[in-house]
Amino acid sequence: MISIKNVNKSFGDHHVLTDVSLEIPKSNVVALIGPSGAGKSTLIRTINALEPIDNGEITVDGISIHDKKTDINVARTNIGFVFQSFNLFPFLTALENVTMAPMKVKGLSKEAAEKRGKELLVSLGLGDKFDAYPSRLSGGQQQRVAIARALAMDPTVMLFDEPTSALDPEMVTEVLDAIRKLAKDGMTMVVVTHEMGFAKEICDEIVFMAEGKIVERAAPSKFFTNPDTQRAQDFLSKVL
Ligand code: ADP
Ligand code: MG
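Residues numbered from 1 in each chain as written. Chains lettered and ligands numbered in written order. Predicted model: local features only at pLDDT ≥ 70, side-chain atom pairs only at ≥ 80, totals over all residues. Heavy atoms only, no water.

A short note on the overall build of the chain
The criterion, for reference: Comment: elements are numbered from the N terminus, with helices defined as DSSP H or I runs of at least four residues and strands as E runs of at least two. Note that the radius of gyration is over C-alpha atoms, with the globule rule given as 2.2 Å times the number of residues to the power 0.38. Burial classes: relative accessible area under 20% of the type maximum marks a residue as buried, over 50% as exposed, and values in between as partly exposed (1.4 Å probe, protein chains only). Note on areas: these come from Shrake-Rupley sampling with a 1.4 Å probe, and a residue is covered only by the protein chains present in the view. Counted as positive: Lys and Arg. Counted as negative: Asp and Glu, with His and the chain ends omitted from the count. A charge is said to be at NZ when it belongs to Lys, at CZ for Arg, at CG for Asp and at CD for Glu.
When helices and strands are tallied, the chain shows 9 helices and 10 strands. On C-alpha atoms alone, the chain measures out to a radius of gyration of 18 Å, which is about the 18 Å that the 2.2 N^0.38 rule sets for 240 residues. With the C-alpha coordinates aligned to their principal axes, the bounding extent of the chain is approximately 55 × 45 × 30 Å. Residue burial in the chain is summarised as follows: out of 240 residues, 51% are buried. Here the chain displays about 11,200 Å² of accessible surface, and carbon together with sulfur accounts for 49% of that area. Each charge sign in the chain was given a centre, from 27 positive and 31 negative side chains, and these centres are 2 Å apart.

Concerning the UniProt feature "domain: ABC transporter" (unreviewed entry) in the chain
Worth spelling out the cut-off: UniProt positions are given in the numbering used here, feature names are shortened, and annotations may be inferred rather than shown by experiment.
The sites that UniProt annotates as "domain: ABC transporter" (unreviewed entry) are residues 2–236. Counted over residues 2–236, helix gives 37% and strand 26%. Its end C-alpha atoms are 27 Å apart.

What to know about the site of ligand 1
We apply this condition: Throughout, the term near means that a residue has one or more heavy atoms lying within 4 Å of the molecule or strand in question. Side-chain atoms alone can form a polar contact between residues adjacent in sequence; in general such a contact is a pair of N or O atoms within 3.5 Å, and within protein one must be able to donate a hydrogen while the other accepts it. Note on residue categories: nonpolar means Ala, Val, Leu, Ile, Met, Phe, Trp, Tyr, Cys or Pro, charged means Asp, Glu, Lys or Arg, and polar means any other residue, Gly included.
Every residue close to ligand 1 is listed here: F11, H14, V16, P35, S36, G37, A38, G39, K40, S41 and T42. T42 places a side-chain nitrogen or oxygen 2.5 Å from an oxygen atom of ligand 1. When residues of the shell around ligand 1 are traced back to their parent elements, those giving at least two are β2 (14–24) and α1 (40–47). Here the element with the most residues in the shell around ligand 1 is α1; it accounts for 3 residues. Residue composition of the shell around ligand 1, grouped by class: 4 nonpolar, 6 polar and 1 charged.

Notes on the pairing of strand β1 (residues 2–11)
Applicable threshold: Strand pairing is assigned whenever DSSP detects at least two bridges linking the two strands.
When β1 meets β2, the two strands line up antiparallel, connected through 7 bridges. Paired with S3 across the strands is E23, a residue of β2. Where β1 hands over to β2, the hairpin turn is made up of 2 residues, of which G12 adopts a positive phi near 60°. When β1 meets strand β4 (residues 55–60), the two strands line up antiparallel, connected through 5 bridges. Note that in β4 the partner of N8 across the bridge is N55.

Quick notes on the sheet that holds β1
Reading across from one edge, β2-β1-β4-β5 is the order of the 4 strands in this open sheet, with antiparallel pairing throughout. On the outer flanks of this sheet lie β2 and β5 (63–64), each paired with one strand and no other. The pairing of β4 with β5 spans 2 bridges and is classified as antiparallel. Across the sheet, residue T59 finds its bridge partner in β5, namely S64.

Section: the nonpolar core
Note the threshold: For this analysis, a nonpolar core means a set of buried residues of the types Ala, Val, Leu, Ile, Met, Phe, Trp, Tyr and Cys, connected via side-chain atoms within 4.5 Å. Here, residues are in contact when the closest pair of their heavy atoms is within 4.5 Å.
Among the nonpolar cores identified, the biggest contains 51 residues, and L121, I147, M158, F160, I179, M189 and F223 are the most heavily contacted of them. The dominant element in this core, judged by the number of residues it contributes, is helix α6 (residues 169–184), at 8 residues. Those residues within four positions of I179 in sequence are excluded, and the remaining contacts are I147, F160, P163, M189, V191, F198 and I202. Judged by nonpolar contacts, the second largest core, of 26 residues, contains V20, L43, V60 and M209.

Thoughts on the confidence of the model for the chain
Keep this limit in mind: Confidence per residue, as judged by the predictor, is encoded in pLDDT with a range of 0 to 100.
In the predicted model, the chain carries a mean pLDDT of 97, and the fraction of residues at 70 or more is 100%. Reported confidence for the predicted complex is 0.98 by ipTM and 0.96 by pTM.

Points about the packing of helix α3 (residues 94–104) against helix α5 (residues 139–151)
Test applied: For helices, the axis comes from a line fit to the C-alpha atoms of the stretch in contact; other axes are also lines fit to C-alpha atoms, and the angle between any two N-to-C directions lies between 0 and 180 degrees. Just so you know how the angles are binned, under 35 degrees is roughly parallel, over 145 roughly antiparallel, 65 to 115 roughly perpendicular, and the rest oblique. Definitions for this section: a left-handed crossing has its near helix turned counterclockwise from the far helix by less than a right angle. A right-handed crossing has that turn clockwise.
Interhelical geometry of α3 versus α5 gives an angle of 25° and a closest axis separation of 8 Å. Judged by the inter-axis angle, α3 sits roughly parallel to α5. Two packed elements cross with a definite hand, and for α3 against α5 that hand is right-handed. Together, A94, N97 and V98 of α3 and V145, A148 and R149 of α5 make up the contact between the two elements.

A word on the environment of F223
By secondary structure assignment, the location of F223 is in helix α8 (residues 220–225). Classification of F223 by relative accessible area gives buried; the value is 0%. Separated by 15 residues in the primary sequence, F223 and F208 place their C-alpha atoms 9.0 Å from one another. Non-local contacts of F223, meaning those with residues more than four positions away in its chain, are made with I33, I206, F208, E216, A218, A232 and L236.

Below, the structure is given as structure tokens:
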């Protein structure tokens, strides 16, 4: 579903991604973990072309994301992206946040967009928050609205960049539960996370990055008990 081949990316003379290749089959959930500055955010952002790449190729569901001939706005409708900082539109209600793109980009009627939007908000435990503005919602609620907003476009893949890092501890679970539910439903996902217990539980594969490279890829059971590389062992000894 997601194919990354020999991707390189620099900011000026700083080589941030070096020859990164990764294949993610449909319905797989991959945790992208590693130290700060490893290039995790940069990599996940290249998947929906929030960052350009210097060379290599990325396809999502067969569409070449960085090809000049690809209409990226169309390609992006298949790729949901959830940021650490929620990024809701502050002047729109929860429901309006969720319905705006389906109406504007997909041409759904207001009625159809609201029907689907309400279903999504209800399924994320926000059935009583349709008319609430983001400033009136907790961080965990805002992040669940952000997830509903991404899902409203019926994406084929979902990307999460540290979705719980900006949350107070008591709100982490409600957001992880929402992602866990998506995994159960078979969504293909890449999740940058520092929640190791969660990664171990729901992910099919752990991809460990350091210094712009994929250092190790393994099943969670192997990675967390017996990683192959010293780099991963050092990292785990600090975070576990
Ligand atoms: P991670 O998400 O693993 O912490 P990032 O992908 O954010 O890592 O960053 C990787 C490296 O790229 C870091 O050294 C960071 O400073 C650098 N970097 C990220 N974004 C930019 C940018 N827009 N301009 C210049 N350097 C950047
Ligand atoms: Mg990051």
